[in-house]
Structures are given as C-alpha cells and as structure tokens.
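What follows is each chain in one-letter form.
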Amino acid sequence: MDMESASSVVLQALTQATSQDTALLKPAEEQLRQWETQPGFYSVLLNIFNNHMLDVNVRWLAVLYFKNGIDRYWRRVAPNALSEDEKTSLRAGLITNFNEPVNQIATQIAVLIAKVARLDCPRQWPELIPILLESVKGQDGLQQHRALLTFYHVTKTLASKRLAQDKRLFQDLASGIYSFACSLWSHHTDCFLQQVLAVDQAHALSSLERTLLSLKVLRKLTVHGFQEPQQNMEVMGFLNAVFERLKQFLECSRQVDPDSPCREKLEKTIILYTKVLLDFLEVHPCAFIPLIQRSLEFAVSYVFTAAGEGLVFERFTVQCMNLIKTIVKNEAYKPCKNIEDSKPESLEAHKIKTAFFTHPTLTEIGRRLVSHYFLLTKEELAMWEEDPEGFAVEETGGDSWKYSLRPCTEVLFLDIFHNYSQTLTPVLLEMVLNLQGPSNVEDPVQLLMKDAVYNAVGLAAYELFDNIDFDQWFNNQLLGELQVSHHRYKLIRRRVIWLIGQWISVKFKSELRPLLYEVILNLMQDPDLVTCQFLFLNVSSPVDDFEFRTEQFLPYLESIFSLLFQLLQQVTECDTKMQVLHVISCVIERVNIQIRPYVGCLVQYLPLLWKQSEEHNMLRCAILTTLVHLVQGLGAESKNLYLFLLPVIQLSTDVSQPPHVYLLEDGLELWLVTLENSPAITPELLRIFQNMSALLEMSSENLRTCFQIVNAYIYLSATDFLQNYAEGLCRCFCNLLKDITNEGQVQVLKVVEVALKVSPVLGAHMFQPLLPSVFRGIVDGERYPVVMSTYLGIMGRVLLQNASFFSSLLTQMASEYNQEIGQLLGGVIEMWVDRMDNITQPERRKLSSLALLSLLPSDNSVVQEKFCGIINICVEALHDVMTEDSDTGTLKDCMLMSHFEEPKLTDDEEPPTEQDKRKKLLALEDPVHSVSLQQYVYEKLKAQQALMGDQGFGALMETVDTEIVRQLQEFLQGL
C-alpha cells in the first residue's frame, strides 16, 4: 500500500465509517475490512491517529482498527501476518512521542502498545521499557503522564502472562526497574501531600493522577515480579510504607473538599493501597506473615475503634474487613491438627494471630459488628417506607447489595465467629439475654438493636447449635414477638421469621411446624409488603427441609398457596417474582399431586406473567422451573396446559431464538417432564421435535437430556414418532458417532435399544443404517465394556424379536467381511460368549441368553460348534434371575411380570408418571419379563434333542463342562 496515495483514501474511509448515514457507513466498513490484510495499512493508521489536527472520532476509529489488527495479524503464525519490517517500523512509530492530547485516545494507544509488548517485549522490542522510563523522567507534564499511563498498561499486561518463561522474564524486568518505580511513586506522593497542605488543588490533582498510575505499576511489580518477595528489602520496605501512606491519605481526606474532583481520585488511591495488601496476601501468604500484625492493627483500629471516625468511607471499610477476614481464614496460617506436621510459617502466623486476637479484642470486634455494623441505617429504613419491595430485594441479595458493606460485615462476622466461637458465643448470648421480652415500640434504638442481635443469631445458627434451645426460645419468646401487631414492630416480626428460617434446618422440632404454619397465616394480615415477602420466602425453609412432613403441611396448603399466588400478583420487581416462584415450586414439589385442586388461578396467571416477562429472561427461567414442578404435580392433567405449555417449550428450545441462551436448560427439562406426564401424543407435541436436530448438532452439556427426550417420544408413540423423525435422527446419530465420547456413544445407542424394545420391527427398519456399525463393533471386539454391552443389547433384541432382519443383516455383513455366513455367525457367537462379562445389567444378560437360545433348534454345524458357549451363558443367566419362591420353596424367574399393578405409595413417595406406566405395560410384552428363562431353556433343549435324536444330542451335551451340566440340571428339575 503506497503511503501517500493510501493515506487519503484510508482517511476518507475512516471519515465515512464515523458517519451516522448507513449508506456511507456500511461500504466504508467493508472497504476497511478488506484493507486489514494489505501491507502498509497499519502504518497509514499509525500516521492518522498520530496526527492531532484530524477529527477526534476519525483518530479514535484508527486506533481501534490498529488495536484489532494486533489481535488478528501481529503473531508470526497468523494468516496474513504483518511482515517483520512493517512491525519494526510500527513499534518505532508507537513510541516516538507521548504527547496525545485526548485522554480517551491516549488510553487506547497505551493499551495497544501493551498488546504489542505482550507479544514482542523484551526480545523483539528491548528498547520499549528504557524509552518509557526516560519519558517518565521528563519535565513535560503531558509527556510524563502519557508515558506513565503506557508504562502502567505495559506492566499490567506483562504481569498477566502465566507461562513459566514469561514469569521469569517479568521477574527480571521487575528487579531491574523496581527501585525506579518506588522512587517515582514516592516522589509523586510527596508532591501531592505538599500541594494539598498548600491548598494547591489544580497541581494536587495532577500529582494524584501520577501517584495513582505509579502505584498501579508498583502493585503489579510487587505482587507478580518476585518469586520470594520477603527476601527483597525494597519490596518489604514498600509494603510497610503502604500503612504510613494510607494514614497520610486518610488524614488528607479531611482537607479535600468532598465535591472536588480530587476527592474521587483520592478515595480510588486509598482503595488501591488496600488492594496492594490484599493481592500480596492472596499471592504470597507466607511472605505476608511479617505484615500480619501491622495489617490487623491498622484494619481493626480504623474499623472497630474511634480512630476511624470521620475518616473512613464505605469501600475502605469493606477492604479493611476483607483484609481481616482473609487473614483469619487463610489456610496457610492454620497449624495442622498434629502440631508436629505443621510448617514453621504456619505456626508463626498462628502465633501472631493468637497474640492479636485476645479476649478483649474479639469481644470488642464482636460487639461492634453486631451493635454498629448490623444496625439498619436511616437510609435503609427510609427505603423500607418508600419502596418496600425494592428494600426486600436488596435485603435478600440484590445486585448492589452484593457489593455493599452489609454482606461484607456478615461474612466477617461468620468467619470470626467460626474461628473464635468459644470467645464470641458468650458475648452473643449475653446480648440476646439483655433483649429478652417484647421491646418498647417507642424506643427505635432498642428495636434496631434487637434486629441486629437476631440477625447475628441467625447467621451463627450452626455454631450455636449446642448453646441455644431454639424450641424453647421459639415458644417462650419468638412466638410472642410475632404476635405483636404494632406498626413499628414490623422490623422484629420480619427478622423473627427470617431467624426461624435460618434455624429450622438446624434445630427445630417437627412437632412445632403446624404452629409455625398457623403463625405465618395469621401474619398475612400484616399490610407491610416486606414482612409478607419474608414470611413467604421463609415458607420455603420448612418446606425445603429434610424433616418436612407432608401431612403436617396439608391443612395449611390451600391458604398458603392462595396467599403465595396473591403475593406473586402483587409484587412488581423481577427478583421478587423469581423468589416467590421459587417458593411456589418448592411447595408444589413437596406436595406433588395434592396441589391439583389449588393451581387453577396460577395456571391462568402464568401465561400473562410469561408475556410480561419478555425482556426478563431470568424471570422466564423461574417460570419454566415452576412449570416443571406444576406438570409433575398435575401428571396427565397437564395436557390441559398444552395451549400455553407447548409454545413456551418451542421458544425455549429453539436455538435460532436469542432467548435460548438463558432458557434452554430449563426448557429442555420442561419438555422432558411434559412428555413423561403426557397421556397421549398430540400433533403439536410431535411438531416441537423439529427443534431437536439443531440441539443434537450443538453437542452441548444438555445432550443427555436431549436423548432422554427422544426416548420419551418413543415410549409415548413409537409409530408416529419414528415414521416422522427416524430418518433425520439416523443421519444425526451417524454424524454424532464419528466424533463423540464413549459415554455419548452409549447414549445414542440406548435410543436405538429403546426403539427396538418398544417396536422391534419398526425400530430395526427405521434405524437400519446404524445397525451395521453395531454389528462391526461386536465382530471387531469393541474394547470399551459399556459400549460393547450396549451393542450386545441391541443385537440381542434384533436376533430374538426380528430374526428375519438379523438374517438379512448377517448376509449383508458377510459380504462386507468377505466371509461365509456361517463363519461370520460363529465369530459373532464366540465374541458374544467371550464378552458376556461386559454385560452387568441382569435384564441384558437374560436378553443375551434368550437371543442365543433362539438360534436353537439348529442343524447348522456352526451353531452346534458354539453350543457349549451358549449353554454356559444360559447357566450364568439362570444364576442371575432364578430365586426361591417364598410361598412354594421352588425356584422361579424373578424378572417375570404377569400383570400391571398401581403401586401403593406413602406420602413421601412420588406417584408414577405416565411414562412409568407405559414402561410397565411394555415390560409385560417384553420377552425379558414375559418369558421364563428356565422354561425357555428347557423347551429349546428339548427341541434340539428332538431334532438330533438322543444319541446326537447326548454327544452335543458332552461338549459342555460337567459342572455346568450339573448346575443346568438343578435349574431344570421339575420341568
């Protein structure tokens, strides 16, 4: 690409590509895409974005195209890779000067230089770091800042490389520049602090920006630049200096106007200092041991004493708590149970922690966490009044809640309580004791304190198991608190319900549950939405618990389900609707078919909710889960939902629809349970299967469910299904078998096996293209036992139930193997006998015996040669299936089924699905369950004897081991 002529056309294309007019935009983008692989294109882009006279948008786009080109064409092995000469020229041009006036473009240039450095530094670009360091030392403010910005991005990128050789190179770099980086950081920090004291805000902001960048560089060098940082005095010196600098910056925050631009940068810098400590602790826990004492003193001082008052802000408090928590729970700081097995570093760290966390210190931390940080704030209480539902969402884990102070304090409390429970348990019990009895509704401080203490008791439920008689507390205290109806007491009612939810799976007598259900229903008169939500969300706790008893819950089912439905309609937040749907799902799952009388309103409402949630895929996932449980509860009656249900399944499992990314897994589960509970096939249900071919081609983690769906269709209506879809399935399966794991191969083959079981003739006909590969697998001696077992199961079905098809397949394969039919059959029987041990399922073992016996009577010499092996298999199978009849004392085939009985179920057992019933009815016709192996062996041997005569048959029996003959005779006694 000629530079002079190219610059103008590329500039014109970039200008058009920034246009809002699609008529100009699209052709320009296409032209630029074609130029991406042209030699010289990136040199033109470099000249364009380095020309500060051009339009900012054009220069911005030039940088982006350059950056994308690095990803695609910079590597030597990349298709259409840039030439080495052009790359050399580009590298030189990128670091000619650092004077970009536009911040956003400067950042992008720094990023693209870092991308090149990742690939070329230091081998092909040894001059990069020296030039950056020289530029950082310069007096020009803009050049210094841009060079420092680039230095940071290069350092960050090189530090992220994880190959051992790259790590060594970065460590070499770090040791060479660490002193300079420290002095740079120290210089800019001192400048900033002096300028703040001199109230020089403009220069202070500039110095603070450089302090922040230099600190970012030091963070990467310190954390990733040294294999044993504790042996480097400069590194440990810097880390110790972090604490002093933090104190200076915190004090400095008093003098910075809260509304000034400097304030935000100052807080970012303070947070970055804490990140240095946290990152170093995570990557080098042993090297951090000398800093444990100082870190704990610093964090505890600012968070749990008066020293932090007026200085700390929320994010800083969170970081300090994270520092304490990480030290407390760090596995490297815990000695082994057998002290002698502990590492010296662990013992030293444990000693430091033990010396710091004295009884008074732990007591103060515990009290402050509960009595200060657990208290609801004025802002939270105001939100409760103004937006009750929004408050409830935040309290139960909304997005902003995850990153706020409250969850951080709760996690710290749990970690400290777990590690120091002996000290903190009496402290918390004393706080509970001081709040016994109803609180004064006129005393908001007391109400807030009780809420906080109850929160602590709920969080530490497992730790307090042996210290609190929760049943007695529930009866004597909590029950009474739930019955206080004053408006201000809603705070405590809500917390008590949550508290019971925390304890119910820990220590709560099942006999008390009916009383709890009654209390929940009575409290539903509470007009406060937050309390109602907590009530209902905690219904799932007793329902989810393993000690749940259906019979205790049934008297309250109608009322609770009705109120749940009302709440689902009342709330507006997606998160809340999802939570309520979760509880509804839990209830339906637990009571199963007993839900049927009460779901009418829900069934009518869900289509409307589905339509309203078109833009909220996670809510739709919750609806799908509810539908799964609803279909399971309704059983065959779920057919009445098809008008709504089938389009939902259609959309959720259609990979051409964008929502499938979120809905597919739940949609497939719903599809499966719908089929399992369907009483009969419908054209609409059959039509949905058109979605399946694309799903099978995806070969995703949902493949197993897809195969289960295929099997469910076969069980539901083999004829309709196979006639419509078997041909396409066969093609898909043939492609899958070329590139699939052994486990996946078994799943494919099981579909064929099910089809043959349900409809031997139609199944063999429809899956005919797959059967030769099954035959080959047997002849060639498939090595994977589970695959071989499935091969033999399929061939057993064909041989036993479709002998004419087996005969034609044998003829086809004899031609392929260029063998006589008899010779090939002998090889199959021999391999079958030899690999019988691969078959572990008793049903398949009996099937193999029946199949091989079906070759008798026979005058075929090959079959007679293999007679001994066939008898051996039969005796093995007889040992598997013959058991003593308790009534008659005689042996009987335990796999025989004579009639279908509806099973008698306990309250905790799920009723059989329609598919379970179909399988039972199918089993009545299956030779495995309808033919007595004992009788079949006897009849086949008699027929063979009749064919050969006594003498010939006697000679044939002599080929069988005498012990096997004896066992056979025992099994056939009385016949």
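If you're wondering where the values come from, they're calculated on a predicted model, not measured in any experiment. (Residues numbered from 1 in each chain as written. Predicted model: local features only at pLDDT ≥ 70, side-chain atom pairs only at ≥ 80, totals over all residues. Heavy atoms only, no water.)

Mind laying out the overall build of the chain, listing which residues take part and the relevant values?
What the chain contains, in helices and strands, is 49 helices and two strands. Its C-alpha radius of gyration of 38 Å places the chain more than 25% over the 30 Å reference for a compact globule of 975 residues. If you line up the chain on its principal axes, its C-alpha atoms span 120 × 85 × 70 Å. Taking as baseline every contact in the chain between residues at least 6 positions apart, the subset at least 24 positions apart corresponds to 74%. Of the roughly 44300 Å² of accessible surface on the chain, 50% is carried by carbon and sulfur atoms. Averaging the coordinates of the 83 positive side-chain charges in the chain and doing the same for the 120 negative ones gives two points 5 Å apart. (Helix = DSSP H or I, 4+ residues; strand = E, 2+ residues; numbered from the N terminus. Rg over C-alpha atoms; globule rule 2.2 N^0.38 Å. Contact = heavy atoms within 4.5 Å. Areas by Shrake-Rupley, 256 points an atom, 1.4 Å probe, with all protein chains shown as cover. Lys, Arg positive; Asp, Glu negative; His and termini not counted. Charge placed at Lys NZ, Arg CZ, Asp CG, Glu CD.)

Please provide a residue-by-residue account of the environment of L756, values included.
Note that L756 resides in helix 37 (residues 742–758). According to the relative accessible area criterion, L756 is buried, its value standing at 1%. In this view, L756 contacts G763, A764, I794, R797, V798 and Q801; residues no more than four positions away in its chain are not counted. (Buried < 20%, exposed > 50% of the residue type's maximum accessible area, 1.4 Å probe, protein only.)

Can you lay out the side chain of T423 for me, pointing to particular residues and giving the numbers?
Inspection of the secondary structure puts T423 in helix 21 (residues 421–433). Those residues in contact with T423, other than ones at most four positions away along the chain, are H359, L362 and T363.

Describe the UniProt feature "domain: Importin N-terminal" (unreviewed entry) in the chain, naming the residues involved and giving the relevant values.
UniProt's entry tags residues 28–100 with the feature "domain: Importin N-terminal" (unreviewed entry), counted in the numbering of this structure. End-to-end, the C-alpha atoms of residues 28–100 are 26 Å apart, and along that stretch the chain is 63% helix and 0% strand. (UniProt positions renumbered as here; feature names shortened; annotations may be inferred.)

Explain a nonpolar patch on the surface to me, and be specific about the residues and the numbers.
Together, M618, V661 and Y662 give the surface a local cluster of nonpolar side chains, amounting to about 330 Å² of exposed area. For M618, the position within the fold is in helix 31 (residues 617–634). (Patch = residues over 30% accessible without salt bridge, like charges linked within 9 Å, V, L, I, M, F, W, Y side chains within 5 Å. Salt bridge = Lys/Arg side-chain N within 4 Å of Asp/Glu carboxyl O.)

Requested: an account of the packing of aromatic side chains, with residues and values cited.
A complete count under the given rule lists 39 aromatic pairs for this structure. Both rings, one in W185 and one in F238, keep their centres 5.0 Å apart while their planes meet at 85°; by these two values the pair is edge-to-face. Within this pair, whereas W185 is found in helix 9 (residues 164–197), its partner F238 is found in helix 11 (residues 233–252), the two being separated by 53 residues in sequence. For the ring pair W671 and F689, a centre distance of 6.4 Å and an interplane angle of 65° mean the geometry is edge-to-face. (Phe/Tyr/Trp six-rings, centres within 6.5 Å; stacked < 30°, edge-to-face > 60°.)

Outline a positive patch on the surface, supporting the account with residue identities and numerical values.
Residues R75, R118, R162 and K167 make up a contiguous surface patch of positive charge. Turning to its location among the elements, R75 is positioned in the loop between helix 4 (56–73) and helix 5 (84–94).

Before we move on, could you go through unusual backbone geometry and cite the residues and values that matter?
Looking along the chain, the bond that leaves C121 and enters P122 is cis, with omega of 5°. With respect to the helices, strands and loops of the structure, P122 is situated in the loop between helix 6 (103–120) and helix 7 (128–136). Of note, the phi angle at V199 is positive, near 55°, even though the residue is not glycine. Structurally, V199 is set in the loop between helix 9 and helix 10 (201–224). Positive phi, normally seen in glycine, also occurs at N592, with a value near 50°. Among the secondary structure elements, N592 is positioned in the loop between helix 29 (574–591) and helix 30 (600–612).

Can you tell me about helix 45 (residues 867–881), naming the residues and giving the values?
Counted at 1.5 Å a residue, the expected span for helix 45 with its 15 residues is 21 Å, and the 21 Å between its end C-alpha atoms agrees. Among all positions of helix 45, only F867, G869, I870, I871, I873, C874, V875, A877, L878 and V881 are buried. (Expected span 1.5 Å × (residues − 1).)

Which residues make up the side chain of T425, and what values go with them?
Note that T425 resides in helix 21. A relative accessible area of 8% places T425 in the buried class. Among the polar contacts listed, one links the side chain of T425 to the backbone oxygen of S421, at a separation of 2.7 Å. Every residue in contact with T425, bar those within four places of it in the chain, is listed here: F417, L464 and N467. (Polar contact = N/O pair within 3.5 Å; in protein donor to acceptor, adjacent residues only side chain to side chain.)

I'd love a proper account of helix 18 (residues 388–395), names of residues and values included.
Counting buried positions along helix 18 yields six of eight residues, so the element is predominantly enclosed. Among all positions of helix 18, only E389, G390, F391, A392, V393 and E395 are buried.

Which residues make up the packing of helix 29 against helix 31, and what values go with them?
Between helix 29 and helix 31, the least distance of the axes is 9 Å, while the angle of their chain directions is 15°. It follows that helix 29 is roughly parallel to helix 31 by the angle criterion. Every pair of crossing elements has a handedness; the one defined by helix 29 and helix 31 is left-handed. Residues C574, K577, M578, L581, I584, S585, I588 and E589 of helix 29 form the contact with helix 31, whose own contacting residues are M618, L619, A622, I623, T625, T626, H629 and L630. (Axes fitted to C-alpha atoms, helices over the stretch in contact; angles between N-to-C directions. Parallel < 35°, antiparallel > 145°, perpendicular 65-115°, else oblique. Left-handed = near helix turned anticlockwise from the far one by under 90°.)

Pulling in residues and values, what's your account of the pattern of salt bridges?
Here the structure, examined in full by the defined rule, presents 34 salt bridges. D166 is the salt-bridge partner of K161, the closest N and O atoms lying 3.5 Å from each other. Of the residues examined, D166 reaches a relative accessible area of 17% and is grouped as buried. Of the charged contacts, one joins R731 and E727 as a salt bridge, the two residues approaching to 3.4 Å between their closest N and O atoms. One end of the pair, R731, and the other, E727, are both in helix 36 (residues 703–738), four residues apart, so they sit about a helical turn from each other. Of the two residues, R731 and E727, both sit in the exposed class. Three or more residues are tied together by salt bridges with common partners; here these are R76, E84 and K87.

So what's going on with the packing of helix 39 (residues 771–779) against helix 41 (residues 803–817)? Which residues, and what values?
Direction vectors running N to C along helix 39 and helix 41 enclose 65°, while the axes themselves pass 11 Å from each other. With respect to helix 41, the axis of helix 39 lies roughly perpendicular. Like other packed secondary-structure pairs, helix 39 and helix 41 cross with a definite hand, here right-handed. Contact residues: L771, P772, F775, R776 and V779 in helix 39; F805, F806, L809, L810, Q812, M813, E816 and Y817 in helix 41. Residues belonging to the contact of helix 39 with helix 41 are distributed by class as follows: ten nonpolar, one polar and two charged. (Nonpolar A, V, L, I, M, F, W, Y, C, P; charged D, E, K, R; others polar.)

Let's hear about a negative patch on the surface: which residues, and what values?
Together, E386, D387, E573 and D575 give the surface a local cluster of negative charge. Relative to the helices and strands, E573 is located in the loop between helix 28 (550–570) and helix 29.

Any chance you could break down the environment of Q841 for me, citing the residues and the numbers?
Structurally, the position occupied by Q841 is in the loop between helix 42 (821–834) and helix 43 (842–853). Taking the relative accessible area as the measure of exposure, Q841 reaches 30% and is therefore partly exposed. Between the C-alpha atoms of Q841 and S886, which are 45 residues apart in sequence, the distance is 24 Å.

Would you mind going over the environment of S7 in detail, with residue names and values included?
Tracing the backbone shows S7 in helix 1 (residues 3–17). Sequence separation of S7 and N592 is 585 residues, and the distance between their C-alpha atoms is 73 Å.

I'd like a description of the state of the cysteines, backed by residues and values.
Overall, the coordinates contain zero disulfides when judged by the stated rule. Of all cysteine sulfurs, the one in C574 lies closest to C621, which takes part in no disulfide; the gap is 12 Å. Taking the relative accessible area as the measure of exposure, C621 reaches 9% and is therefore buried. For C732, which is in no disulfide, the shortest distance to another cysteine sulfur is to C734 and amounts to 9.4 Å. (Disulfide = S-S within 2.5 Å.)

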